[in-house]
Amino acid sequence: SQQGEEDPQALSIQEGENATMNCSYKTSINNLQWYRQNSGRGLVHLILIRSNEREKHSGRLRVTLDTSKKSSSLLITASRAADTASYFCATVSLYGNKLVFGAGTILRVKS
Amino acid sequence: EAGVAQSPRYKIIEKRQSVAFWCNPISGHATLYWYQQILGQGPKLLIQFQNNGVVDDSQLPKDRFSAERLKGVDSTLKIQPAKLEDSAVYLCASSLAFGGIYEQYFGPGTRLTVT
């Protein structure tokens, strides 16, 4: 079963704009991770945020986590055509040791 | 550093045939995972190894799927007999150690089409 639900399912923006993707989940978590998947580089880990963290940055990526709402968001600033990919959130439950992926958001960045 | 290697990259078989996929994880990574990714969905964990022992195979359809990791390094995933609904990309991943806090590194996947 898939724990995370991403929203929107698909997003199309112009190069230079910001892209925001949201993820909601159902059970208490140890951490939440975001992955990117494109045909060129496969599935790649982007960032991990622990349940006791509220915000994390990595380059042009900003991830927030609200455990009270069981939700997370991924913000990509100043998007580039190379950011075109599917983005997945994946959760590790509080007492678990495996990743459970959502269905993903398809991002298209037009140049 | 070499990444996770998988072969073949593509495979087309008829239903009821058997197929095997191979994975070579990143050197030194103790934990190896096999995922199934159906078109339009996120990856679903099939089986997880710690060294050469199975940690979690709760979502592996054991009547037709089997996997092994000999000597705690390479792994093979087999499907016998295949069904139409097995058409998917099979991803292998590895991580340094067991536990959800370790980053997983994914291979390019094997795209299986069952006709």
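Structure's up top.
Residues numbered from 1 in each chain as written. Chains lettered and ligands numbered in written order. Predicted model: local features only at pLDDT ≥ 70, side-chain atom pairs only at ≥ 80, totals over all residues. Heavy atoms only, no water.

Section: the interface of chain B and chain A
Taken together, the contacts link 19 residues of chain B with 19 residues of chain A. Of the roughly 1,500 Å² buried between chain B and chain A on both sides combined, carbon and sulfur atoms contribute 49%. Three residues, Gly-100, Ile-101 and Phe-106 of chain B, lead the burial of chain B against chain A; their summed loss comes to 30% of the area buried on that side. Remark: the boundary between chain B and chain A carries one salt bridge. For Lys-98 of chain A, the salt bridge identified is with Asp-56 of chain B, shortest N-O distance 3.3 Å. For the pair chain B and chain A, the interface holds four residue pairs in polar contact (both at pLDDT 80 or more). Within the residue set of the side of chain B that touches chain A, elements represented by two or more residues are strand 4 (31–37) and strand 5 (44–50) of chain B. Here the side of chain B that touches chain A is built from residues that sort into seven nonpolar, ten polar and two charged. (Contact = heavy atoms within 4.5 Å. Buried area = accessible area lost by both parts, 1.4 Å probe. Salt bridge = Lys/Arg side-chain N within 4 Å of Asp/Glu carboxyl O. Polar contact = N/O pair within 3.5 Å; in protein donor to acceptor, adjacent residues only side chain to side chain. Helix = DSSP H or I, 4+ residues; strand = E, 2+ residues; numbered from the N terminus. Nonpolar A, V, L, I, M, F, W, Y, C, P; charged D, E, K, R; others polar.)

Section: a nonpolar patch on the surface
Residues and elements named next belong to chain B. A cluster of nonpolar side chains, contributed by Leu-96, Ile-101 and Tyr-102, occupies part of the molecular surface with about 270 Å² of accessible area. Along the chain, Leu-96 turns up in the loop between strand 9 (88–95) and strand 10 (105–106). When its relative accessible area of 53% is taken as the criterion, Leu-96 is described as exposed. (Patch = residues over 30% accessible without salt bridge, like charges linked within 9 Å, V, L, I, M, F, W, Y side chains within 5 Å. Areas by Shrake-Rupley, 256 points an atom, 1.4 Å probe, with all protein chains shown as cover. Buried < 20%, exposed > 50% of the residue type's maximum accessible area, 1.4 Å probe, protein only.)

Comments concerning the sheet that holds strand 7 (residues 61–66) of chain A
Residue and element names in this part refer to chain A. One open sheet accounts for five strands, arranged 1-3-8-7-6; its pairing is antiparallel. Strand pairing shows two members of the sheet lacking a second neighbour, strand 1 (5–7) and strand 6 (55–58), which therefore form its edges. Going from strand to strand, the sheet's axes swing by 20° on average, the running direction of each strand aside. (Pairing = 2+ DSSP bridges. Axes fitted to C-alpha atoms, helices over the stretch in contact; angles between N-to-C directions.)

So, unusual backbone geometry
A cis amide bond links Asp-7 of chain A to the next residue, Pro-8 of chain A, at an omega of 0°. Following Ser-7 of chain B, the chain continues to Pro-8 of chain B via a peptide bond in cis, the omega torsion being -10°. With respect to the secondary-structure elements, Pro-8 of chain B resides in the loop between strand 1 (5–7) and strand 2 (10–13). Of note, the phi angle at Lys-71 of chain B is positive, near 60°, even though the residue is not glycine. Checked against the element boundaries, Lys-71 of chain B lands in the loop between strand 7 (65–68) and strand 8 (75–79). Residue Lys-71 of chain B is classed as exposed on the basis of its relative accessible area, which comes to 79%.

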